[in-house]
Amino acid sequence: MERATFSKYSWVDFAFSLVGLCTFLVDFGSDVWVASEFYSRGDLVWFGVLVGLMVLSSVVVQTFSWFWFTYDRELLGFRARTEGASVFFGDRVKLSCALHVLQLGFLCRHISAIRQGFRVWWQREGGSEYAVYLTHDLSMLRLIETFCESAPQLTLMIHVMLRANRARAVQLVSVAASTTSIAWMVVDYHRSLRSFLPDKAEQGRCAALIYFLWNLLLIAPRVAAVALFAAALSGYAAAAHFLALWAVFALWARRQGTDFMDSVGGERLYRATVGLIWYFSWFNVAEGRTRSRGAIYHAFMAADGAILLTSWWCYRDPIQTEPYALALVVALPLVYLLGLLLKALYYCRFHPKLWRPPPPAREPGRPDDLPDAPASFRDFSVQDGAPSARLLNRRMAGHAARFYSENGLDADGEGAGGAEPPRL
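Model, not experiment: these values are computed from the prediction. (Residues numbered from 1 in each chain as written. Predicted model: local features only at pLDDT ≥ 70, side-chain atom pairs only at ≥ 80, totals over all residues. Heavy atoms only, no water.)

Undergrad: Pulling in residues and values, what's your account of the pattern of salt bridges?
TA: Tallied over the full model, the rule gives three salt bridges. Between Asp304 and Arg222 there is a salt bridge, and its shortest N-O distance comes to 2.5 Å. Remark: Arg222 occurs in helix α8 (residues 205–232) and Asp304 occurs in helix α11 (residues 291–315); sequence separation between them is 82 residues. Overall, the relative accessible area of 5% leaves Arg222 in the buried class. Across the salt bridge formed by Arg271 and Glu267, the nearest N and O atoms sit 3.9 Å from each other. Remark: Glu267 and Arg271 occur in helix α10 (residues 264–278); sequence separation between them is four residues, near one turn of the helix. Exposure remark for Glu267: the relative accessible area of 7% places this residue in the buried category. (Salt bridge = Lys/Arg side-chain N within 4 Å of Asp/Glu carboxyl O. Helix = DSSP H or I, 4+ residues; strand = E, 2+ residues; numbered from the N terminus. Buried < 20%, exposed > 50% of the residue type's maximum accessible area, 1.4 Å probe, protein only.)

Given below as structure tokens:
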């Protein structure tokens with residue numbers, strides 16, 4: 001098929017890759033700084049928890065990266081197209097394996113994408129398709145890294161400050177770095193998905209700002225509520241709460257029949273990771289109309305947040321928390337409600353599909369479908385085993401097909417794509 005599903009690499013893609021690398025390095029540097037501070041002050045428990053989060057996140061991200069490397073090697077024509085294009089990978093299996101074992105695979109992907117992007121954008125060389133392919137994988141890996149490390153670490157830092165009733169400069173830097181990482185991931189991931197949309201309408205600045213804000217306003221109260229709950233009860237109670245919800249969410253992901261990875265082991269890892277992401281934020285993973293799934297998720301998270309806040313209020317130290325307790329109990333639910341309202345506002349008034357040109361103004365020969373028409377796997381014939389002049393990322397294309405459709409918007413506005421009934 002010859003639908004316009006491929007986006008050319010531009011200076012904006014190059015800038016996003018550079019900022020993404022800088023954000024990753026700053027976030028990692030702040031983690032090391034905080035860990036060293038904990039160790040030097042004798043806070044070995046917090047040191048161990050923080051290092052554990054860093055190691056777990058790195059292992060998960062490197063595992064995804066390795067799975068994708070092995071999948072891509074089997075694609076017809078992939079190795080011939082990418083030969084010599086990447087700094088560290090190409091078709092060198094042993095080198096790639098060593099880099100992933102040393103937890104350097106994610107960093108090497110960043111450098112490879114920047115190097116390939118520089119060749120395409122600045123030096124005007126070929127390989128634009130492979131540069132775009134790399135940036136799509138990076139956006140998904142950053143999403144995983146953010147919710148495996150940045151969001152839990154942000155919760156940990158707030159928890160430590162609440163327990164100590166004070167904040168040091170290093171903790172404030174860590175909170176700022178984690179918040180920036182989450183915010184940048186949201187923008188970058190959404191932008192990467194939209195690049196797969198044929199006839200896509202561009203997201204304006206005001207729409208992008210509102211999109212960023214409603215994600216931030218929904219995630220921030222969640223993180224704060226978990227941190228407050230852990231501070232009032234104990235870290236063990238918070239861990240038990242997380243494990244219980246994570247198990248439920250992972251089973252829900254399994255029930256929805258996800259097919260993101262190309263192997264059984266990879267799919268199990270993906271579903272477990274989705275369960276972790278859902279602990280903090282909604283993430284659409286299956287086809288079908290997902291309005292009901294989104295509504296169930298937000299209702300469940302609102303109820304769970306209320307339970308966390310109530311538990312904190314009942315078990316908190318009334319003297320230590322007196323200056324801010326009432327303000328938090330009132331503010332956090334209002335912030336979450338404001339996030340939901342901004343979300344509804346975005347999809348009712350600012351979504352790019354609402355600003356597509358009327359039919360008479362559309363270009364001749366273009367299909368008369370919506371800007372957010374579903375991206376079909378049939379459009380990506382390289383991944384399907386047939387020769388093609390195009391090299392497109394099937395993994396992210398699949399997410400785009402689930403996030404956007406002409407069948408309507410789900411509760412996240414990131415639609416369904418498919419006529420099958422919703423799987424709850």
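Undergrad: If you had to explain the nonpolar core to someone new, which residues and values would you point to?
TA: Counting residues in hydrophobic clusters, the biggest one holds 76 residues, and the most contacted among them are Met140, Tyr270, Trp278 and Phe283. With 16 residues, helix α6 (residues 128–164) is the single largest residue contributor to this core. Ranked by size, the runner-up nonpolar core spans 10 residues in total, among them Ala224, Ala227, Leu309 and Leu332. (Core = buried A, V, L, I, M, F, W, Y, C linked by side-chain atoms within 4.5 Å.)

Undergrad: So what's going on with the side chain of Ser150? Which residues, and what values?
TA: Position of Ser150 among the secondary structure elements: in helix α6. Judged by relative accessible area, Ser150 falls into the buried class, the value being 0%. If sequence neighbours within four positions are ignored, Ser150 has contacts with Asp27, Glu145, Ser178, Ser181 and Ile182. (Contact = heavy atoms within 4.5 Å.)

Undergrad: Break down the packing of aromatic side chains for me, citing the residues and quoting the values.
TA: Summed over all chains, the structure comprises 19 aromatic pairs. On the numbers, 4.6 Å between centres and 25° between planes, the contact of Phe260 with Tyr270 is stacked. With a gap of 10 residues between them, Phe260 in the loop between α9 (235–255) and α10 and Tyr270 in helix α10 connect regions that are remote in the sequence. The two residues Phe260 and Tyr270 agree in class, both being buried. By the ring-pair criterion, three or more aromatic residues cluster together here, those being Phe249, Trp252, Trp278, Trp282, Tyr297 and Phe300. Positioned above the aromatic ring of Tyr279, the side-chain terminus of Arg222 is 4.6 Å from the ring centre. For Arg316, the ring lying beneath its charged end belongs to Trp313, and the centroid distance is 3.9 Å. (Phe/Tyr/Trp six-rings, centres within 6.5 Å; stacked < 30°, edge-to-face > 60°. Lys NZ or Arg CZ within 6 Å of the ring centre and 35° of its normal.)

Undergrad: Could you give an account of the confidence of the model for the protein, with specific residues and numbers?
TA: Averaged over all residues, the pLDDT of the protein equals 76, while 73% of them reach at least 70. Within the protein, the lowest mean pLDDT, 59, falls on helix α3 (residues 78–82), and the highest, 93, falls on α10. A low-confidence stretch, residues 1–6 stays under pLDDT 50, and its non-local contacts, those more than four residues away or across chains, total 23 contacts. This stretch, residues 366–389, has a pLDDT under 50; its non-local contacts, to residues over four places away or in other chains, come to 69 contacts. (pLDDT = per-residue confidence, 0-100.)

Undergrad: Mind laying out the packing of helix α7 (residues 169–194) against α8, listing which residues take part and the relevant values?
TA: At their nearest, the axes of α7 and α8 sit 10 Å apart, and the two run at 135° to each other. It follows from the interaxial angle that α7 and α8 lie oblique. Remark: the crossing between α7 and α8 carries right-handed chirality. Facing Thr179, Ile182, Ala183, Val186, Val187 and His190 of α7, the residues of α8 in contact are Tyr211, Phe212, Asn215, Leu216 and Ile219. Here the contact of α7 with α8 is built from residues that sort into eight nonpolar, three polar and no charged. (Axes fitted to C-alpha atoms, helices over the stretch in contact; angles between N-to-C directions. Parallel < 35°, antiparallel > 145°, perpendicular 65-115°, else oblique. Left-handed = near helix turned anticlockwise from the far one by under 90°. Nonpolar A, V, L, I, M, F, W, Y, C, P; charged D, E, K, R; others polar.)

Undergrad: Which residues make up a nonpolar patch on the surface, and what are the values?
TA: A cluster of nonpolar side chains, Trp313, Leu326, Val330, Leu334, Leu337, Leu338 and Leu341, forms an exposed patch at the surface whose accessible area comes to about 680 Å². Here the element with the most residues in the nonpolar patch is helix α12 (residues 325–350); it accounts for six residues. Take Leu341: it is sitting in helix α12. Residue Leu341 is classed as exposed on the basis of its relative accessible area of 53%. (Patch = residues over 30% accessible without salt bridge, like charges linked within 9 Å, V, L, I, M, F, W, Y side chains within 5 Å. Areas by Shrake-Rupley, 256 points an atom, 1.4 Å probe, with all protein chains shown as cover.)

Undergrad: Quick rundown of the side chain of Arg142? Include the residues and the values.
TA: Assignment of secondary structure puts Arg142 in helix α6. Judged by its relative accessible area of 8%, Arg142 is buried. Residues within four places of Arg142 in sequence aside, it is in contact with Gly20, Phe106, His110, Met185 and Asp188.

Undergrad: Talk me through the packing of α9 against α10; I want residue IDs and the actual numbers.
TA: To characterise two packed helices, one gives the angle between the axes of the helices and the distance between these axes. Packing of α9 against α10 leaves a shortest axis separation of 8 Å and a crossing angle of 125°. By the angle class used here, α9 and α10 are oblique. Between α9 and α10 lies a crossing whose hand is right-handed. Here Phe242, Trp246, Phe249, Ala250, Trp252, Ala253 and Arg254 of α9 come into contact with α10, specifically with Arg271, Ala272, Val274, Gly275, Leu276 and Trp278.

Undergrad: Tell me about helix α4 (residues 93–101), and please be specific about residues and values.
TA: For α4, the set of buried residues is Ser96, Leu99 and His100. Each buried residue of α4 sits inside an arc of 95° when the element is viewed along its axis, so together they form one side. Across from the buried face of α4, at angles greater than 90 degrees, the exposed residues are Lys94 and Val101. Buried-residue contacts for α4 involve α2 (44–73) and α5 (105–121). Directly beyond the C-terminal end of α4, a positive phi value near 65° is found at Gln103. (Arc of directions from axis to C-beta.)

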